[in-house]
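# Secondary and tertiary structure notes
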Amino acid sequence: KNRALESNAWLQRETSFGTGAPGPGLTTRFVFQVILVSSSLSDRDQSLFLSADEGATFQKQPIPFFVDTLIFHPKEEDKVLAYTKESKLYVSSDLGKKWTLLQERVTKDHVFWAVSGVDADPDLVHMEAQDLGGGFRYVTCPIHNCSEKLLVAPFAGPIDHGSLTVQDDYIFFKVTSANRTKYYVSYRRNEFVLMKLPKYALPKDLQIISTDESQVFVAVQEWYQMDTYNLYQSDPRGVHYALVLQDVRSSRQAEESVLIDILEVRGVKGVFLANQKIDGKVMTLITYNKGRDWDYLRPPSMDMNGKPTNCKPPDCHLHLHLRWADNPYVSGTVHTKDTAPGLIMGAGNLGSQLVEYKEEMYITSDCGHTWRQVFEEEHHILYLDHGGVIVAIKDTSIPLKILKFSVDEGLTWSTHNFTSTSVFVDGLLSEPGDETLVMTVFGHISFRSDWELVKVDFRPSFSRQCGEEDYSSWDLSNLQGDRCIMGQQRSFRKRKSTSWCIKGRSFTSALTSRVCECRDSDFLCDYGFERSPSSESNTNKCSANFWFNPLSPPDDCALGQTYTSSLGYRKVVSNVCEGGVDLQQSPAQLQCPLTPPRGLQVSIQGEAVAVRPGEDVLFVVRQEQGDVLTTKYQVDLGDGFKAMYVNLTLTGEPIQHRYESPGIYRVSVRAENMAGHDEAVLFVQVNCKVTPFETEKLALYLEVVPVIGINQEVNLTAVLLPLNPNLTVFYWWIGHSLQPLLSLDNSVTTRFSDTGDVRVTVQAACGNSVLQDSRVLRVLDQFQVVPLQFSKELDAYNPNTPEWREDVGLVVTRLLSKETSVPQELLVTVLKPGLPTLADLYVLLPPPRPTRKRSLSSDKRLAAIQQVLNAQKISFLLRGGVRVLVALRDTGTGAEQLGGGGGYWAVVVLFVIGLFAAGAFILYKFKRKRPGRTVYAQMHNEKEQEMTSPVSHSEDVQGAAQGNHSGVVLSINSREMHSYLVS
């Protein structure tokens, strides 16, 4: 009964009757095993009813728990997992007769059996479980022994609740910390690595669409999107992702589930349908090469009554609803099948956009090349005999007794009275096997009646099996008529419309295939590259995105090793073309250069910055970029302990220490090699009263201009994300002073009377969370500022994050240096927070070089900068091929127009002021340090460390009482007590 399904869960298993292939005249018979889960009003009575004979008889089996979900083994039908309402997981190896507790505190819907051919143990279970500390972890164990000793955690750290997914070759989950979510993937059970989406996608949500054919399709809702997602496809390992379609429509359903309007067309690999929403209009697109190219659906010229549709591109197309049905026993709005390639039937409308209330039915038998209208209202669809019979029943809330069917791919339709009394149709079912011609319509006469099941057998309509003469062929092509799809020409066969025969079990649709030569269209843009905009001549050209430098070595590239640099292209996965064009080519092997350390970070394990006296503290040092093998690390823990290490970030081993007295300690790490250096600072508060710290949901950013003048007032702003209404205390350390400045405001102003580099550190104490960020300011006696503006398109792509502003500033600096020949170290571009997107270009004076003439004088540098900006020579590409121009900004009027000259007069005034300061400059120039490029380290880790075995200590290590300092200690100075504040 239909109402019984609301309280009882029916789950079916199929087993083959007999072994081996069926003999002549025999057919394989499937026997269904049924488990009925009771739903008793009494909390003491929970039972399973087991049937091995398709429900003819049942055996009652009491169980000591309340079943929420049953999960059957994909290969062995007697093994089943039971998830209970108490979040416990039980296992049975005899189809529910005996049960064993497997694990407690398990997350619902995030339990997975082993994947055949990928997991070595077929009885392995993947699950997301909560630990005793309240966090969630990914764990695995075999069903025969899931004790704590055999419980394996393939990923060491915590993961986000409800994020674990095991699908085919891949395992996915996400981890949120410091207001940033990172997504991880494991390919064929190898180590977990970060999924490399474009740097500024900044996803709010990520949905796995498909993992077929050793490739991952994901839909990503980026920071600026509300009801749309962007579609990305990966390399075979699922690590690097390239954009294939923007703004795919989405809708949020009950229980926060998300439906995304994209459909993989079954039967022909590489074909997808998607609904794109732009400016409120929803339009349907189709791709034949896994998203490399998309086209609108062609409208039919005639409607179902033979009248002209008057629908012609580019103003009018066919659009389809791509919804999944809530009822699992009826088709969705679009129906496709693996054994019926090219046959697509869906509900939609003709026009300039998709209309929600219009659900006319359209059909194509050549995979979307041509369409025909067949009904004026939506119908439920069922394919029988490999699509040889199409059954349609109207989707309506009134009772029916008529169904329609077609045996010529929808060219003509017949009607059939399947019952003498009209019924409310609840679903359509076909017997097992794609060749079946038997179906069942089930429904109810009234809301108080039992189910009515009506068997419909189409076999008497066909008198014979089909022969070769009953088939014709059709060639797969895209909407431009190109037959080379995914690197091959494919032909399929279909039954002639005049032949009334059964295709049967032995029917195969694929006829012939021939490999094509490779062309430009067989390649898409690689990770970090964007397709050129359609307005430019070569739309197939892939250019590096503004944040990506393809020549840069990987972060873990060590001196003496080699790396490959992408040329911007990669072949579409599963494309089988050979010869011809090779845009991907063989990337050149480049030697890893000696690179300076960058992105150095020091933190306490667990992300705390406050500890108790006498408590063991584990300091973790990370380095995002730069060579690690030749780098030495000078560590000062602030209480007199100083040491020098090598291999510190390579081993990943923490430095163990213990502070005996309360106070504030300045911990510093300086990393240095022959190419340069970097420094990280952490202020540790040692206090007798310390509460647990929760920093995983907050992030702190210090906003400050990197270049300021002597005695110039500068604003230091601490930005806490997300915005927190709780009382927050800010601690400010300026320079080397251990005495912090306390404020309740998130910004302070100060001045600097001496030139040089000054480090500013801020800590924010908010509730139980304490976070820190640090920046280095360059104080100069002379420099010049050129105000800049950007074309308005940049505002739509501005996520207003410090990293994004820094990357855009580096791009502008690099482009200006290239066009003007001004050394890059003399230019610093600083973008301002907020909208509209504005920037200031700081032009620095070169260091004194008595033996060498300057390449350009100050006035010539400024004139060269103005010339290239006015000539609109400074531009860069954004998402979707959007080109952004950089120009001078009129500081007097704030004009939006590009190329204004107001900024030039401001520069001239600054230059004249500089002339008056020439005398002072001569006095100072021999004292000033040569300014170098300053890289500001974010206090969060974007790269996963490379873990190796730790290196042993030096034998002459002193100060062992202070704790274990892993790595190779080159030297330790005698203890020097530093002053600190007593709490």
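What counts as what
Residues numbered from 1 in each chain as written. Predicted model: local features only at pLDDT ≥ 70, side-chain atom pairs only at ≥ 80, totals over all residues. Heavy atoms only, no water. Helix = DSSP H or I, 4+ residues; strand = E, 2+ residues; numbered from the N terminus. Buried < 20%, exposed > 50% of the residue type's maximum accessible area, 1.4 Å probe, protein only. Contact = heavy atoms within 4.5 Å. Areas by Shrake-Rupley, 256 points an atom, 1.4 Å probe, with all protein chains shown as cover. Salt bridge = Lys/Arg side-chain N within 4 Å of Asp/Glu carboxyl O. pLDDT = per-residue confidence, 0-100. Disulfide = S-S within 2.5 Å. Expected span 1.5 Å × (residues − 1). Polar contact = N/O pair within 3.5 Å; in protein donor to acceptor, adjacent residues only side chain to side chain. Phe/Tyr/Trp six-rings, centres within 6.5 Å; stacked < 30°, edge-to-face > 60°. Lys NZ or Arg CZ within 6 Å of the ring centre and 35° of its normal. Pairing = 2+ DSSP bridges. Axes fitted to C-alpha atoms, helices over the stretch in contact; angles between N-to-C directions. Core = buried A, V, L, I, M, F, W, Y, C linked by side-chain atoms within 4.5 Å. Parallel < 35°, antiparallel > 145°, perpendicular 65-115°, else oblique. Nonpolar A, V, L, I, M, F, W, Y, C, P; charged D, E, K, R; others polar.

### As for the overall build of the protein
- Of the regular secondary structure elements, the protein holds five helices and 70 strands.
- Considering the protein as a whole, with its 983 residues, one finds that 50% of them fall into the buried category.
- In the protein, 55% of the contacts between residues at least 6 apart in sequence involve partners at least 24 apart.
- As displayed, the protein has an accessible area near 46800 Å², and 50% of this comes from carbon and sulfur atoms.

### Brief notes about the pattern of salt bridges
- Enumeration according to the criterion identifies 30 salt bridges in this entry.
- Ionic pairing is found between Arg658 and Asp616, a salt bridge with its closest N-O pair at 2.7 Å. Of the two residues, Arg658 is situated in strand E54 (residues 655-658) and Asp616 in strand E51 (residues 616-625); the sequence distance between them amounts to 42 residues.

### Focus on the confidence of the model for the protein
- Per-residue confidence for the protein gives a mean pLDDT of 81; residues scoring 70 or more make up 83%.
- Contacts for the low-pLDDT stretch residues 1-29, under 50 throughout, to residues beyond four places or in other chains number 53 contacts.
- Per-residue pLDDT stays below 50 along residues 893-983; that stretch engages in 198 contacts with residues further than four places along the chain or on separate chains.

### Some points on the state of the cysteines
- Considering all chains together, one arrives at seven disulfides under this definition.
- Bridging Cys311 to Cys316, the disulfide has an S-S length of 1.8 Å. Of note, the bridge from Cys311 to Cys316 carries an S-S torsion of about -100° and is left-handed in sense.
- Between Cys466 and Cys501 runs a disulfide, and the two sulfur atoms are separated by 1.9 Å.

### Focus: helix H3 (residues 858-870)
- Spanning 13 residues, H3 covers 18 Å between terminal C-alpha atoms, matching the ideal 18 Å at 1.5 Å per step.
- Buried within H3 are the following residues: Ser858, Arg861, Leu862, Ala864, Ile865, Gln866, Val868 and Leu869.
- Positive backbone phi, approximately 55°, marks Gln872, located one or two places after H3.

### Focus: the side chain of His126
- Structurally, His126 is set in strand E10 (residues 124-130).
- Within the structure, His126 has its side chain in polar contact with the side chain of Asp119 (distance 3.2 Å).

### Focus: unusual backbone geometry
- A cis amide bond links Pro313 to the next residue, Pro314, at an omega of 5°.
- Looking at the element boundaries, Pro314 is found in the loop between strand E24 (295-296) and strand E25 (317-320).
- Residue Pro836 follows Leu835 across a cis peptide bond; omega there is -5°.
- Even without a glycine there, the phi angle at Ser214 is positive, about 55°.
- Relative to the elements of secondary structure, Ser214 occurs in the loop between strand E16 (205-210) and strand E17 (217-221).

### Details of the packing of aromatic side chains
- The final tally for this structure, using the stated rule, is 30 aromatic pairs.
- With a centroid separation of 5.5 Å and 85° between ring planes, the pair formed by Phe65 and Trp99 is classed as edge-to-face. In this pair, Phe65 is assigned in the loop between strand E4 (59-62) and strand E5 (67-72) and Trp99 in the loop between strand E7 (89-92) and strand E8 (100-103), connecting sequence segments 34 residues apart. Residues Phe65 and Trp99 agree in their burial class; the two are buried.
- Ring geometry for Trp474 versus Phe492: centroids 5.1 Å apart, planes at 25°, classification stacked. Here the residue Trp474 occupies a position in strand E37 (residues 471-475), and Phe492 occupies one in strand E39 (residues 488-495), the gap between them amounting to 18 residues.
- Given the relative accessible area of 9%, Trp474 is considered buried.
- On the basis of relative accessible area, Phe492 is assigned to the buried category, the value being 6%.
- Ring pairing ties together the aromatic residues Tyr138, Phe155, Phe173, Tyr184 and Phe192, which thus form one cluster.
- Here Arg493 stacks its cationic end above the ring of Tyr471, 4.6 Å away from the centre of that ring.
- Across from the ring centre of Phe507, 4.8 Å away, lies the NZ or CZ of Lys503, which sits over that ring.

### Thoughts on the sheet that holds strand E34 (residues 424-430)
- Read across the sheet, three strands follow the order E34-E35-E36 without closing on themselves; strand pairing throughout is antiparallel. Sheet topology places E34 and strand E36 (451-457) at the edges, where each strand pairs with a single neighbour. Geometrically, the sheet is characterised by an average inter-axis angle of 20° between neighbouring strands, direction not taken into account.
- Both strand E35 (residues 438-444) and E36 contribute to a ladder of seven bridges, which runs antiparallel. Considered in E36, the bridge of Phe442 is made with Leu453.

### Quick word on the sheet that holds E5
- Pairing in this open sheet of four strands is antiparallel, and the strands run E5-E6-E7-E8 from one edge to the other. Of all the strands in the sheet, just E5 and E8 have a single pairing partner and so form its edges. Each neighbouring strand pair of the sheet contributes to a mean axis angle of 30°, computed without reference to strand direction.
- Pairing analysis gives four bridges linking strand E6 (residues 80-84) to E7, with the strands arranged antiparallel.

### Brief notes about the side chain of Ser47
- In this fold, Ser47 is placed in strand E3 (residues 47-51).
- For Ser47, a relative accessible area of 1% corresponds to the buried category.
- If we ignore the near neighbours within four places in the chain, the residues touching Ser47 are Leu36, Val37, Ser38, Lys60, Gln61, Pro62 and Ile63.

### Thoughts on the nonpolar core
- Formed by 35 residues in total, the largest nonpolar core has its most connected members in Phe619, Tyr659 and Val684.
- For this core, the secondary-structure elements that each account for two or more residues are strand E49 (598-604), E51, strand E52 (632-636), strand E53 (642-646), helix H1 (648-651), strand E55 (663-673), strand E56 (676-686) and strand E60 (728-734).
- Once residues within four sequence positions are removed from consideration, Val684 is found in contact with Ile604, Val609, Val611, Phe619, Tyr659, Gly663, Ile664, Tyr665 and Val667.
- Core analysis: the second largest hydrophobic core is formed by 31 residues, Leu827, Val843, Ile874 and Val886 among them.

### What about helix H2 (residues 802-820)?
- The terminal C-alpha atoms of H2 lie 27 Å apart, and with 19 residues this matches the ideal 27 Å at 1.5 Å per residue to within 8%.
- Where H2 ends, the next residue or the one after it, Ser821, has phi of about 65°, a positive value.

### A short note on the pairing of E3
- Extensive coverage of E3 is indicated by the burial of four of its five residues.
- Sheet analysis places E3 next to E4, joined by four bridges and oriented antiparallel. Within E4, the position partnered with Phe49 by the bridge is Lys60.

### Notes on the environment of Trp223
- Along the chain, the position of Trp223 falls in the loop between E17 and strand E18 (228-234).
- Residue Trp223 is classed as partly exposed on the basis of its relative accessible area, which comes to 25%.
- With near-sequence residues (within four places) excluded, Trp223 lies in contact with Tyr200, Ala201, Leu202, Lys204, Ala796, Tyr797, Asn798 and Pro799.

### Overview of the pairing of strand E13 (residues 170-177)
- Inspection of the sheet shows strand E12 (residues 165-167) paired to E13 by three bridges, in the antiparallel sense. Across the sheet, residue Val166 finds its bridge partner in E13, namely Ile171.
- As paired elements, E13 and strand E14 (residues 180-187) share eight bridges and run antiparallel to each other. By the bridge assignment for E14, Ile171 is matched with Ser186.

### Focus on the packing of H2 against H3
- H3 packs onto H2 with a crossing angle of 105° between their chain directions and a minimal axis gap of 10 Å. Relative to H3, H2 is oriented roughly perpendicular. Contacts from Leu816, Glu819 and Thr820 of H2 reach H3 at Ala864, Ile865, Val868 and Leu869.
- When its residues are assigned to classes, the contact of H2 with H3 shows five nonpolar, one polar and one charged.

### Remarks on the environment of Tyr229
- Mapped onto the elements of the fold, Tyr229 is located in strand E18.
- Judged by its relative accessible area of 1%, Tyr229 falls in the buried class.
- C-alpha separation for the pair Tyr229 and Asp205, spaced 24 residues apart in sequence, amounts to 8.7 Å.
- Leaving out residues up to four positions away in the same chain, Tyr229 has contacts with Asp205, Gln207, Ala219, Val220, Gln221, Gln246, Asp247, Val248, Ser250, Arg252, Val258 and Ile260.

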